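One letter stands for each residue in the lines below.
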Amino acid sequence: MTVAEEAEKYGLHRVGARPSLVDYLKQTWSRREFIYELAKSRLQSQNERNRLGMVWVVLKPTFNALMYGFIFGILQGGNRPADFPVFVVIGVFLFEFFTTSMNGGAKSITGNTALVQSLAFPRLSLPVAQVTQNFLTLVPMLVVMFIYSVILGTSPKWTWFLIIPLVAIFSIFNMGVALICARITVHIRDFTNILPLIGRILFYTSGVLFSVDRILNNWPWLIAAFDYHPIYQTLSIARAMIMDNSPYDPHAWLVVGIWAIATLVIGLIYFWKAEERYGRAD
């Protein structure tokens, strides 16, 4: 009998061995308090380093909305969508949640090398904590987003409450993206240098600042492709729920739901497969 077989007979396992996916998820769930406290403490630490603290959470997307809204409002001219200021605010605020999850998730393992190499815990906890931190940041941003919408002339309505399930679905999608980026960065450190470019490409191709129907009206096949764009459809639903005159196709809920589940499942399996390698990250 080999040493490995003898160890297996007595229930002994190799140090750092990857558990089954089910056990891996159970171990991560058992550390949910640690994940939440890690996310909250990092958010507090981040705000304490700034003079204005939490105010910067909403100032940054506000400045971005003002800058991009002004520039692209002029560039689009008559092709601007209705209620353009509200249109831009919703797009910029929600897209900020996506980019911070993608960028933060990518650095969640490589940016915590000492923690990863010194303690035994499911590494899944780190990207989950990062997305949780971004979600906690999003909550006050949503409140300010609704306030801006009212100031800019949008009437409150019951459909505003549908932003809750939409954000939940969007969070699942962002989690999957964060997991995929986290593992890629472990293998290819230069990936973090490409992420800003990827973020910009997605920003300008997700309908954050323009109406796809108006800008691409000469390319109906391209407009049809946007029916399956997860970020664009998420923004379309949010605008339809918040704005007074922003129609959307209800099948968008199905699109974003399928994207969210598929991305999370793929990201989770992809991340879990390399669990044994994260402790050796340098």
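Further up the page is the structure itself.
This section reports on the structure supplied with the text. (Residues numbered from 1 in each chain as written. Predicted model: local features only at pLDDT ≥ 70, side-chain atom pairs only at ≥ 80, totals over all residues. Heavy atoms only, no water.)

**As for the overall build of the protein**
- Secondary structure assignment for the protein yields 14 helices and zero strands.
- The burial tally for the protein puts 46% of its 282 residues in the buried class.
- A separation of at least 24 residues holds for 80% of the contacts in the protein among residues at least 6 apart in sequence.
- With the model as given, the accessible surface of the protein reaches about 14,900 Å², and the carbon-plus-sulfur share is 65%. (Helix = DSSP H or I, 4+ residues; strand = E, 2+ residues; numbered from the N terminus. Buried < 20%, exposed > 50% of the residue type's maximum accessible area, 1.4 Å probe, protein only. Contact = heavy atoms within 4.5 Å. Areas by Shrake-Rupley, 256 points an atom, 1.4 Å probe, with all protein chains shown as cover.)

**Some details on empty space enclosed by the protein**
- Inspection of the entire model under this criterion finds one cavity of 30 Å³ or more.
- For the lining of the largest cavity, the secondary structure elements donating two or more residues are α8 (163-187), α12 (230-242) and α13 (252-273).
- Here the residues of the lining of the largest cavity sort into seven nonpolar, one polar and no charged. (1 Å grid on protein atoms, 1.4 Å probe; cavity = no way out; pocket = protein on both sides within 12 Å on 5 of 7 lines; lining within 4 Å. Points joined across faces, edges and corners; volume = space filled by probe spheres on them. Nonpolar A, V, L, I, M, F, W, Y, C, P; charged D, E, K, R; others polar.)

**Some details on helix α7 (residues 125-151)**
- Taking 1.5 Å of rise per residue, 27 residues should cover 39 Å, and α7 covers 39 Å from first to last C-alpha, within 8% of that figure.
- Phi turns positive one or two residues past the end of α7, at G153, with a value near 105°. (Expected span 1.5 Å × (residues − 1).)

**Some thoughts on the environment of L115**
- Secondary-structure assignment places L115 in helix α6 (residues 113-118).
- Classification of L115 by relative accessible area gives partly exposed; the value is 24%.
- Spatially, the C-alpha atom of L115 lies 9.8 Å from that of L126, the residues being eleven residues apart in sequence.
- In contact with L115, not counting residues within four places along its chain, are F121 and L126.

**Comments concerning the nonpolar core**
- In this structure, I90 and F98 are the most contacted members of the largest nonpolar core, which totals 49 residues.
- Secondary-structure elements contributing two or more residues to this core are α4 (55-76), α5 (84-106), α7, α8, α9 (191-204), α12 and α13.
- With 14 residues, the single largest contributor to this core is α5.
- Discounting chain neighbours no more than four positions away, the residues touching F98 are F170, F173, N174, V177, L202 and I231.
- Ranked by size, the runner-up nonpolar core spans 21 residues in total, among them V116, A129, V131 and Y278. (Core = buried A, V, L, I, M, F, W, Y, C linked by side-chain atoms within 4.5 Å.)

**Quick look at the pattern of salt bridges**
- Summed over the entire model, instances satisfying the criterion amount to one salt bridge.
- Across the pair E37 and K40 runs a salt bridge whose closest N-O atoms are separated by 3.7 Å. Placement of both E37 and K40 in helix α3 (residues 32-48) is noted, with a separation of three residues, approximately one turn of the helix.
- On the accessibility criterion, E37 (42% relative accessible area) is partly exposed. (Salt bridge = Lys/Arg side-chain N within 4 Å of Asp/Glu carboxyl O.)

**A closer look at the side chain of N134**
- You can see N134 is positioned in helix α7.
- N134 gets classed as buried once you look at its relative accessible area, which sits at 8%.
- Ignoring anything within four residues of it in the chain, the contact list for N134 reads F97, T100 and S101.

**Comments concerning the packing of aromatic side chains**
- Here the structure, examined in full by the defined rule, presents 13 aromatic pairs.
- Ring centres of F95 and F98 lie 5.6 Å apart, and the angle between their planes is 50°; this geometry places the pair in the tilted category. Of the two residues, F95 and F98 are both situated in helix α5; the distance of three residues between them amounts to about one turn of the helix.
- A relative accessible area of 3% means that F98 is categorised as buried.
- Between F97 and F170, the aromatic rings sit 5.8 Å apart at their centres with planes inclined by 75°, giving edge-to-face as the arrangement. Of this pair, F97 sits in helix α5 while F170 sits in helix α8, and the two are 73 residues apart along the sequence.
- Judged by relative accessible area, which is 2%, F97 ranks as buried.
- Here the aromatic cluster, defined as three or more aromatic residues joined through ring pairs, consists of F95, F97, F98, F170, F173, F203, Y204 and W259.
- Taking the ring centre of F121 as reference, the NZ or CZ of R123 above it sits at 4.7 Å.
- Just above the ring of Y270 sits the side chain of R183; from NZ or CZ to the centre is 4.3 Å. (Phe/Tyr/Trp six-rings, centres within 6.5 Å; stacked < 30°, edge-to-face > 60°. Lys NZ or Arg CZ within 6 Å of the ring centre and 35° of its normal.)

**Regarding the side chain of S101**
- Relative to the assigned elements, S101 resides in helix α5.
- Of the residues examined, S101 reaches a relative accessible area of 0% and is grouped as buried.
- A polar contact of 2.9 Å, which involves the side chain of S101, links it to the backbone oxygen of F97.
- Once residues within four sequence positions are removed from consideration, S101 is found in contact with V131, N134, N174 and A178. (Polar contact = N/O pair within 3.5 Å; in protein donor to acceptor, adjacent residues only side chain to side chain.)

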